[in-house]
Amino acid sequence: MWYASPGNQGWGSKPTSRKPSIMEADLGTLSTTSGSIKRSAGRVIRIINNLDHSVQCRVLLNLRTSQPFEEVLEDLGQVLKINGAKKMYTGTGQEVRSFSQLRNEFADVDTFYLATGTALIAGSPIRRSRSRPSVVAAAPVLPTEDVQKVPLRGARPRSKSRPRILYAPESEILRTNGEYTMLDIMKEDPTKVTIRGLRRTFYPPAHHAPADNTPPDKKLQLQWVHGYRGIDARRNLWVLPSGELLYYVAAVAILLDRDEDAQRHYIGHTEDIMCMDIHPSRELVASGQKAGRDRKSQAHVRIWSTESLQTLYVFGMGELDMGVTAVAFSQLNGGSYILAVDSGRESILSVWQWQWGHLLGKVATLQEGLSGAAFHPLDDNLIITHGRGHLAFWHRRKDGFFERTDIVKQPSRSHVTSVQFEPDGDVITADSDGFITIYSVDSDGAYFVRTEFEAHTKGIGCLIMLGEGTLLSGGEKDRKIAAWDSLQNYKKIADTKLPESAGGVRTIYPQRPGRNDGNIYVGTTRNNILEGSLQRRFTQVVFGHGRQLWGLAAHPEDELFATAGHDKHIALWRKSKLIWTIQTGYECVSLAFHPFGTALAAGSTEGHLLVINCENGAVMLTLRVCGSPINCVAYNQVGDMIAMGSQNGSIYLFRVSRDGFSYKKVNKIRGSQPLTHLDWSMDGNFVQTVTIDFDLLFWDAKSLSPERSPIAMKDVKWLSSNCTVGYLVAGMWSNRYYSNSNTIITTCSRSASQDMLISGDADGYIRLFRYPCMSPRAEFHEAKVYSGMVACARFLYGDHTIVTVGGTDASLMVWDLIEE
């Protein structure tokens, strides 16, 4: 410890007989303070062993110490492995004899050499006397006291008008337990990282694994995707000839084989898939993506094989602006044409001959809220577009121009959500008011309403015409599926209702296309896929969280993980299997397993702590902690304490007993900035957190106070590495290999073996580094399957698997780590 004044007026619990002279410091962080330490009280200098220049270090020298200058030199000599150091020289050979000289005459000198007496400084500019025999020609002898009296040519005292007096503010003084008897030396320079325009400094621990900037020996391979995108997408579920289900989540197209309990993935997209269509042959798929932030992520359409998962054609680069709202193959000519609708301001409709990449024509629909488009099955030059208050027919002429016919006249509040066709070509539409309308064409080519009826209360999610003339409709609000006989003027045949937990109907597809067995798959608005029929119950095939997903925790002793979302569901998984799911009364955003694996703690958006039995999912305890969201939660290593970081900036501590099922409040440590990530120290004495502004804060769990000194915390060992900033993870920021230099890291996690680091950023990138990751030159393996931010990423037990969650899109993905 370094006391600011005699009599134990500084930090520490014990008075010292004298003020120690040396302590560790960082040149870049020392600044003026109004505290009791005077302006000229300290200096940061670099000292070098003049016999071995590779031995050097930086020290903070207390210029007000009562220790004699000669003893200080001996202490410095011990640091540099010099026995009996008695002399200090500048680089020009001038001897330093006192603290006063360091304060005044050598105020601008930062580097000094230590010697036992007369010694050598390699490269010193001082010349030897010619009358003396030369010992080492390249390394002349330092001057003795006699030589010191001779004026050196060109040498003069530094100007005193611009002193560089450095001192240590109180917040930077190192705190230690007991007497300060050893010298702590800064062996490495601190790391400075600029985040959102503000520079942050992180201090190196005295001992850590050496930096290795090569990429890890293992890389990421997508193994399983949980969930389904039904919350904001329509017409996104098909069954392939192989029997596989085809759907998409985020930027991944998923082919699910239920018989083999296996998934295949098409990962050619770099941003979220917005729409998809299957070729009439059912062997090719067209999928369109939204536009990203860089040139590599432009909006475009990809056509790929369902058998090989190979990309066959890509078109629309540079032509499509914001994204692809709708894509569809033509029917009559074997799918040679494809249409795409841009989601930009003008909603441009374009038609392509995709095998050759030829643009056959395009037109600005100037239609907001356009949600779908399709070729007429009996005319490849007739296109129907529909959306909010919009239903229009577009006839493409041979010269590429389009003739438009509006069927729904403006203004109309109704949203046309789905379009289907009768075998004779009549158009069937469904709308947000629950009505089904059938349009016919008269002998003059004019369209008219043939029939209209109310099929559902409020919105209809989808229509599908089965082969025998049966029309199925699904309600978004009433959760009903109804069958209508088109041959008997749409008489209702039967209906059924989905369970409330499943949500409303988003899309319907027959389980065996071409067969009339009545078995269907249903994609729901809560991101689930069900199977069943109108005559029997529906069972869950795919479970996904129905709203934003932020909470993720890995089991400490098994390859299990838990998730918690804004849909008030908490689920326990084993890789590709859902073990249990429960619905709570609160939206949960943070999760942590007790070290024994028996209990699961969840933090809610309303400030509650929920304790759940991992065996059966039963909620054992609900505690009101505060009135703000609990953004992060973690147990200490032995499981007898839990810390919760809140949106209000405070840390809440509870004592835990009975294997994680009994909780007693200890206290809270007040803070001001919202907290996002949290780690316990190995000894359970400290907590580190990251704020919403990416400041790294430390908290003393014993004294229940914030720890103000980042230097004092640099050698603390942390139980986990979930905090996204710090010295050992600084290489994730401003990495020279990123396509976006302003990347914001939103999550990270260290493997149990402490040799790998997984990170996720605000642009949807997942990256695997070696740990520690200290340099912006650190290389990595990368995957891009999200458009929005990656909310959380964790290693599972054994370090063979990684799980990621995608925040706003509620996607949940499991990755295998395979050998490079």
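Residues numbered from 1 in each chain as written. Predicted model: local features only at pLDDT ≥ 70, side-chain atom pairs only at ≥ 80, totals over all residues. Heavy atoms only, no water.

**As for the overall build of the protein chain**
Okay, step 1: Secondary structure summary: the protein chain contains 3 helices and 60 strands in total.
Okay, step 2: Looking at the protein chain residue by residue over its 820 residues, the buried ones come to 56%.
Okay, step 3: Sequence-distant contacts, at least 24 apart, represent 50% of the contacts inside the protein chain between residues at least 6 apart. (Helix = DSSP H or I, 4+ residues; strand = E, 2+ residues; numbered from the N terminus. Buried < 20%, exposed > 50% of the residue type's maximum accessible area, 1.4 Å probe, protein only. Contact = heavy atoms within 4.5 Å.)

**Things to note about the packing of aromatic side chains**
Okay, step 1: Evaluated as defined, the whole model comprises 15 aromatic pairs.
Okay, step 2: Where Phe-315 meets Trp-352, the ring centres are 4.9 Å apart and the plane angle is 45°; that geometry is what we call tilted. Of the two residues, Phe-315 is situated in strand β17 (residues 311–315) and Trp-352 in strand β20 (residues 348–353); the sequence distance between them amounts to 37 residues. For the pair Phe-315 and Trp-352, one class covers both residues: buried. (Phe/Tyr/Trp six-rings, centres within 6.5 Å; stacked < 30°, edge-to-face > 60°.)

**Some remarks on the pattern of salt bridges**
Okay, step 1: This model, assessed by the stated rule, comprises 29 salt bridges.
Okay, step 2: In this structure, Glu-782 engages Arg-767 in a salt bridge whose closest nitrogen and oxygen atoms are separated by 2.9 Å. Of this pair, Glu-782 sits in strand β57 (residues 781–784) while Arg-767 sits in strand β56 (residues 765–770), and the two are 15 residues apart along the sequence.
Okay, step 3: Judged by its relative accessible area of 42%, Glu-782 falls in the partly exposed class.
Okay, step 4: Assessed through its relative accessible area of 1%, Arg-767 is described here as buried.
Okay, step 5: The network of salt bridges with common partners includes Lys-87, Glu-95 and Arg-97. (Salt bridge = Lys/Arg side-chain N within 4 Å of Asp/Glu carboxyl O.)

**Overview of the nonpolar core**
Soluble globular proteins tend to pack their nonpolar side chains together in the buried interior.
Okay, step 1: Core analysis: the largest hydrophobic core is formed by 76 residues, its most contacted members being Leu-220, Tyr-247, Met-276, Trp-304, Ile-481, Met-813 and Trp-815.
Okay, step 2: When residues no more than four places from it in sequence are discounted, the contact partners of Met-813 are Leu-222, Trp-224, Val-225, Val-249, Ala-250, Val-252, Val-785, Tyr-786, Ile-802, Val-803 and Thr-804. (Core = buried A, V, L, I, M, F, W, Y, C linked by side-chain atoms within 4.5 Å.)

**Brief notes about unusual backbone geometry**
Generally, phi is negative for residues other than glycine and the peptide bonds are trans, each holding for most cases.
Okay, step 1: A cis geometry characterises the amide bond from Tyr-771 onward to Pro-772, with omega recorded as 0°.
Okay, step 2: Along the chain, Pro-772 turns up in the loop between β56 and β57.
Okay, step 3: A positive phi angle, near 50°, is found at Leu-366, a position not held by glycine.
Okay, step 4: If you trace the backbone, Leu-366 turns up in the loop between β21 (358–364) and β22 (370–376).
Okay, step 5: Since its relative accessible area comes to 61%, Leu-366 is described here as exposed.
Okay, step 6: Residue Asn-489 is not a glycine yet carries a positive backbone phi of 55°.
Okay, step 7: Relative to the helices and strands, Asn-489 resides in the loop between β32 (480–485) and β33 (491–497).
Okay, step 8: Residue Asn-489 is classed as exposed on the basis of its relative accessible area, which comes to 54%.

**Some thoughts on the side chain of Thr-451**
Okay, step 1: You can see Thr-451 is positioned in strand β29 (residues 447–454).
Okay, step 2: Among all residues touching Thr-451, those that are not within four sequence positions of it are Ile-436, Thr-437, Ile-438, Asn-489 and Tyr-490.

**Concerning the sheet that holds strand β25 (residues 402–406)**
Okay, step 1: Spatially, 4 strands are ordered β22-β23-β24-β25 in an open sheet, and the strand pairing comes out antiparallel. With one partner strand each, in any of the chains shown, β22 and β25 form the two edges of the open sheet. Taking the axes of each pair of neighbouring strands and ignoring which way they run, one obtains an average angle of 20° across the sheet. (Pairing = 2+ DSSP bridges. Axes fitted to C-alpha atoms, helices over the stretch in contact; angles between N-to-C directions.)

**Some words on the pairing of β29**
Okay, step 1: Where strand β28 (residues 435–441) and β29 come together, 7 bridges link them in antiparallel fashion. By the bridge assignment for β29, Tyr-439 is matched with Val-449.
Okay, step 2: In this structure, the hairpin formed by β28 and β29 is closed by a connection of 5 residues, where Gly-445 is found at a positive phi of approximately 85°.

**Re the pairing of strand β43 (residues 599–604)**
Okay, step 1: Within β43, 6 of the 6 residues are buried, which leaves it mostly tucked inside the rest of the structure.
Okay, step 2: Alternating positions in β43 separate into two faces, Ala-599, Ala-601 and Gly-603 on one and Leu-600, Ala-602 and Ser-604 on the other, with burial throughout.
Okay, step 3: Pairing between strand β42 (residues 588–593) and β43: 5 bridges, direction antiparallel. Paired with Cys-588 across the two strands is Ser-604, which belongs to β43.
Okay, step 4: Where β42 folds back onto β43 in an antiparallel hairpin, the turn is made up of 5 residues, including Gly-597, whose phi is positive at roughly 75°.
Okay, step 5: Of the strand pairs in this sheet, β43 and strand β44 (residues 608–613) are connected by 5 bridges, and their pairing is antiparallel. Across the sheet, Ala-601 pairs through a bridge with Val-611, a residue of β44.
Okay, step 6: The turn linking β43 back onto β44 is made up of 3 residues, and Gly-607 within it adopts a positive phi angle of 90°.

**Things to note about the confidence of the model for the protein chain**
Okay, step 1: Of all residues in the protein chain, 86% attain a pLDDT of 70 or more, and the chain-wide mean is 85.
Okay, step 2: Between residues 1–19, whose pLDDT stays under 50, and residues either more than four places distant or in other chains, the model counts 46 contacts.
Okay, step 3: For residues 24–39, every residue scores under 50 in pLDDT, and the model assigns this stretch 48 contacts once sequence neighbours within four places are set aside. (pLDDT = per-residue confidence, 0-100.)

**A short note on the UniProt feature "repeat: WD" (unreviewed entry) in the protein chain**
Okay, step 1: Those places that UniProt annotates as "repeat: WD" (unreviewed entry) correspond, in this numbering, to residues 542–573.
Okay, step 2: With 0% helix and 53% strand, residues 542–573 has end C-alpha atoms that lie 13 Å from one another. (UniProt positions renumbered as here; feature names shortened; annotations may be inferred.)

**What to know about the sheet that holds strand β10 (residues 238–239)**
Okay, step 1: Read from one edge of the open sheet, 4 strands run β10-β11-β12-β13, paired in antiparallel fashion. Strands with a single pairing partner mark the edges of an open sheet, and in this sheet they are β10 and β13 (262–266).
Okay, step 2: Relative to strand β12 (residues 252–257), strand β11 (residues 245–249) is paired through 5 bridges, and the arrangement is antiparallel. If you follow Leu-245 over to β12, its bridge partner there is Leu-256.

**A word on the side chain of His-269**
Okay, step 1: You can see His-269 is positioned in the loop between β13 and β14 (273–278).
Okay, step 2: Look at His-269 and you get buried, because its relative accessible area is 1%.
Okay, step 3: Only 3.0 Å separates the side chain of His-269 from the side chain of Gln-289, close enough to count as a polar contact. (Polar contact = N/O pair within 3.5 Å; in protein donor to acceptor, adjacent residues only side chain to side chain.)

**Description of the environment of Val-301**
Okay, step 1: Within the secondary structure layout, Val-301 lies in strand β16 (residues 301–305).
Okay, step 2: Once the C-alpha coordinates of Val-301 and Leu-339 are considered, the two residues, 38 residues apart in sequence, prove to be 9.9 Å apart.
Okay, step 3: Here Val-301 is in contact with Ala-286, Ser-287, Gly-288, Tyr-313, Val-314, Phe-315, Leu-320, Val-324, Val-327, Ile-338 and Ala-340, once residues within four sequence places are set aside.

**Some thoughts on the environment of Gly-532**
Okay, step 1: By the secondary structure assignment, Gly-532 is in strand β36 (residues 529–533).
Okay, step 2: Among the residues examined, Gly-532 registers a relative accessible area of 0% and is labelled buried.
Okay, step 3: For the pair Gly-532 and Gln-511, spaced 21 residues apart in the sequence, the C-alpha separation amounts to 9.0 Å.
Okay, step 4: Sequence-distant contacts of Gly-532, that is, excluding residues within four places in its chain, are made with Gln-511, Gly-518, Asn-519, Ile-520, Arg-537 and Phe-538.

**Section: the environment of Leu-653**
Okay, step 1: Within the element layout of this structure, Leu-653 appears in strand β48 (residues 651–657).
Okay, step 2: Separated by 14 residues in the primary sequence, Leu-653 and Asn-667 have C-alpha atoms spaced 5.6 Å apart.
Okay, step 3: What Leu-653 contacts, discounting residues up to four positions off in sequence, is Met-641, Ile-642, Ala-643, Lys-665, Val-666, Asn-667, Ile-669, Trp-680, Ala-701 and Leu-704.

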